[in-house]
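Architecture and fold: a report
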Amino acid sequence: MNWEATAAVAELLAAVGVIVSLVYLAMQIRQNTRTERARAFQEIFSGSASFADQIFSPQNIDLIISGMRDFKELSGGDKLRFDNMMLGYFNAVEATIFSRNAFLLGDETLENCAHLLQTRMLPYAGVRDWWDEAKAIFAPETRAWIDQQISETDPNSDFLGIR
């Protein structure tokens, strides 16, 4: 029996085994990435839907409109309720930013978020005033991104017709 030939065959089989293992691992990573992307999107979507249910409920709509117009003029209790609702929304925005930066969401999702902010929230002085007071609790990259969106927003836009 030729031990050199046997050793060469064993090395070849080991190399093939390593390659098969690496291909399998790559497939598993790809599948896991798809799953995590879907989960991130679903969690952000669920949070946004929950926010929409809360913000547009009959008992909150007048408060939201008043706060969007002039946050500073809200009474203590109303200011607290408005703040809580805005925190819920902006936390979802922050999750979107972080998920995008972790490559769990695509650029298009963040662009859609920017468009939503620029047309539905940031044109209104009350939201911008709230942001000025609340932004310190958000991560620096979130603050920078939202401040950028504010600079690109037309403050005279009234998509919602609430001015």
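Above this text is the structure in question.
Presented here is an overview of the structure given in this document. Remember, it's a predicted structure, so these values are computed and weren't measured experimentally.

As for the packing of aromatic side chains
- Here the structure, examined in full by the defined rule, presents 6 aromatic pairs.
- Seen in terms of ring centroids, Phe90 and Trp130 are 4.9 Å apart; in terms of plane orientation they differ by 45 degrees. Their pairing is tilted. Of the two residues, Phe90 is situated in helix α3 (residues 76-101) and Trp130 in helix α5 (residues 125-134); the sequence distance between them amounts to 40 residues. Here Phe90 matches Trp130 in class, with each residue buried.
- Plain terms: the ring middles of Trp130 and Trp131 are 6.3 Å apart, the flat faces sit at 45 degrees to each other, and that makes the pair tilted.
- According to the relative accessible area criterion, Trp130 is buried, its value standing at 1%.
- Residue class for Trp131 comes out buried when judged on its relative accessible area of 0%.

Points about the packing of α3 against helix α6 (residues 140-151)
- The interhelical angle for the contact between α3 and α6, taken along N-to-C directions, is 105 degrees, at an axis separation of 10 Å. Relative to α6, α3 is oriented roughly perpendicular. Across from Phe90, Val93, Glu94, Ile97, Phe98 and Asn101 in α3, the residues of α6 making contact are Glu141, Thr142, Trp145 and Ile146.

Reading the values: rules and limits
- Residues numbered from 1 in each chain as written.
- Predicted model: local features only at pLDDT ≥ 70, side-chain atom pairs only at ≥ 80, totals over all residues.
- Heavy atoms only, no water.
- Phe/Tyr/Trp six-rings, centres within 6.5 Å; stacked < 30°, edge-to-face > 60°.
- Helix = DSSP H or I, 4+ residues; strand = E, 2+ residues; numbered from the N terminus.
- Buried < 20%, exposed > 50% of the residue type's maximum accessible area, 1.4 Å probe, protein only.
- Axes fitted to C-alpha atoms, helices over the stretch in contact; angles between N-to-C directions.
- Parallel < 35°, antiparallel > 145°, perpendicular 65-115°, else oblique.
- Contact = heavy atoms within 4.5 Å.

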